[in-house]
Amino acid sequence: MASLVEILTVEHLSISRMDVIRGSFDHDSFVAFRSYLKECHIEIEEKICFPILETFPFPDRKVFSSNVERIKADHKLIDTLAVNIIRWSEDEKTEMLETRLPLFYKLLTEHNTKEENDLFPRWDSIDSQVLKSSSKDAISIIDSFGRKEYMRIIGFNDSSLSYFFGTK
Ligand SMILES: [Fe+2]
Ligand SMILES: [Fe+2]
């Protein structure tokens, strides 16, 4: 079983290599990616990962909390841009798409790096029982989204999924 931030980091790696945001745009794939990002990845971060980190008594707790707030504001910005990209694609505004898709990729990958640098290393301070239950809670969010669809988007097969989440 992997820890929740290890799983989120693997997702970041997978995201950074996805054709749908790196350049070869496809409407339906982008719509599916946006759903995954909002309903699965961001949901796990905001509903499971960040609240656990925010309850830990770090000496710089206040500064840390304002970092988390900034990261959450990024999520809103990223999703707004994703919704606009979908709209521009539907309206066939190709020029807007061509200029904003690289911006979306940059914004998202820089955001993910920020999480890996500023938030995720603190996961080491969290109690092992909490670590275990957090991966279980994550799989229930993934199931609400659709386990098969999650595996397809991230590139997990049955074995890697059960290894990472400790499922059968
Ligand atoms: Fe995020
Ligand atoms: Fe993330």
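One structure accompanies this document, and this report is about it. Keep in mind that what you see is a predicted model, and the values were worked out from it rather than measured.

Overview of the coordination of the iron ion (ligand 2)
Here's step 1: The iron ion (ligand 2) binds to the protein through His12 (NE2), His41 (NE2), Glu45 (OE) and Glu115 (OE); the donor distances cover 1.9 to 2.2 Å.
Here's step 2: The sequence motif formed by the donor residues of the iron ion (ligand 2) is H-x28-H-x3-E-x69-E.
Here's step 3: Here the iron ion (ligand 1) and the iron ion (ligand 2) are spaced 3.1 Å from one another, each receiving a donor from Glu45. With His41 in helix H3 (residues 27-55) and Glu115 in helix H5 (residues 94-119), the pair connects residues that are 74 residues apart, well separated along the chain.

Comments concerning unusual backbone geometry
Here's step 1: A positive phi is found at Glu92, a non-glycine position, where the angle reads about 55°.
Here's step 2: Residue position: Glu92 is located in the loop between helix H4 (61-90) and H5.
Here's step 3: Of the residues examined, Glu92 reaches a relative accessible area of 67% and is grouped as exposed.

Some points on the coordination of the iron ion (ligand 1)
Here's step 1: Donor atoms from the polypeptide that bind the iron ion (ligand 1) are Glu45 (OE), His75 (NE2), His111 (NE2) and Glu115 (OE), placed at 2.0 to 2.2 Å.
Here's step 2: One can describe the site at the iron ion (ligand 1) as irregular: its four donor atoms subtend angles covering 84 to 171° at the metal.
Here's step 3: Look at where the donors of the iron ion (ligand 1) fall in the sequence and you get E-x29-H-x35-H-x3-E.

Digging into the environment of Phe30
Here's step 1: Tracing the chain through its elements places Phe30 in helix H3.
Here's step 2: Sequence-wise, Phe30 and Asp19 are eleven residues apart; in three dimensions their C-alpha atoms are separated by 9.7 Å.

Overview of the layout of surface pockets
Here's step 1: Of the voids in this model, the largest pocket is the one considered here, and its volume is about 180 Å³.
Here's step 2: Counting only elements with at least two residues in the lining of the largest pocket, the list comes to H3 and H4.
Here's step 3: Counting residues per element, the lining of the largest pocket draws most heavily on H3, at six residues.
Here's step 4: The residue inventory of the lining of the largest pocket, partitioned by class, reads one nonpolar, one polar and eight charged.

A word on H4
Here's step 1: Along its 30 residues, H4 runs 44 Å from first to last C-alpha, staying within 8% of the 44 Å computed at 1.5 Å per residue.
Here's step 2: Just downstream of H4 lies Glu92, where phi reads positive at about 55°.

Some details on the pattern of salt bridges
Here's step 1: In this structure the tally under the stated criterion is nine salt bridges.
Here's step 2: Note that Glu43 and Lys47 form a salt bridge whose closest N and O atoms lie 3.0 Å from each other. In this pair, Glu43 and Lys47 are both assigned in helix H3, four residues apart and thus about one turn of the helix distant.
Here's step 3: Since its relative accessible area comes to 27%, Glu43 is described here as partly exposed.
Here's step 4: Judged by its relative accessible area of 54%, Lys47 is exposed.
Here's step 5: Among the ionic pairs, Lys114 bridges to Asp74, the shortest N-O distance being 3.0 Å. Of this pair, Lys114 sits in helix H5 while Asp74 sits in helix H4, and the two are 40 residues apart along the sequence.
Here's step 6: Asp74 gets classed as buried once you look at its relative accessible area, which sits at 15%.
Here's step 7: Residues joined by salt bridges that share partners form a network here, namely Arg34, Lys38 and Asp79.

Reading guide: rules and limits
Residues numbered from 1 in each chain as written. Chains lettered and ligands numbered in written order. Predicted model: local features only at pLDDT ≥ 70, side-chain atom pairs only at ≥ 80, totals over all residues. Heavy atoms only, no water. Donors = N, O, S within 2.8 Å, 3.2 Å for Na, K, Ca; no water. Helix = DSSP H or I, 4+ residues; strand = E, 2+ residues; numbered from the N terminus. Buried < 20%, exposed > 50% of the residue type's maximum accessible area, 1.4 Å probe, protein only. Tetrahedral: all angles 85-135°; square planar, octahedral: opposite > 155°, others 65-115°. 1 Å grid on protein atoms, 1.4 Å probe; cavity = no way out; pocket = protein on both sides within 12 Å on 5 of 7 lines; lining within 4 Å. Points joined across faces, edges and corners; volume = space filled by probe spheres on them. Nonpolar A, V, L, I, M, F, W, Y, C, P; charged D, E, K, R; others polar. Expected span 1.5 Å × (residues − 1). Salt bridge = Lys/Arg side-chain N within 4 Å of Asp/Glu carboxyl O.

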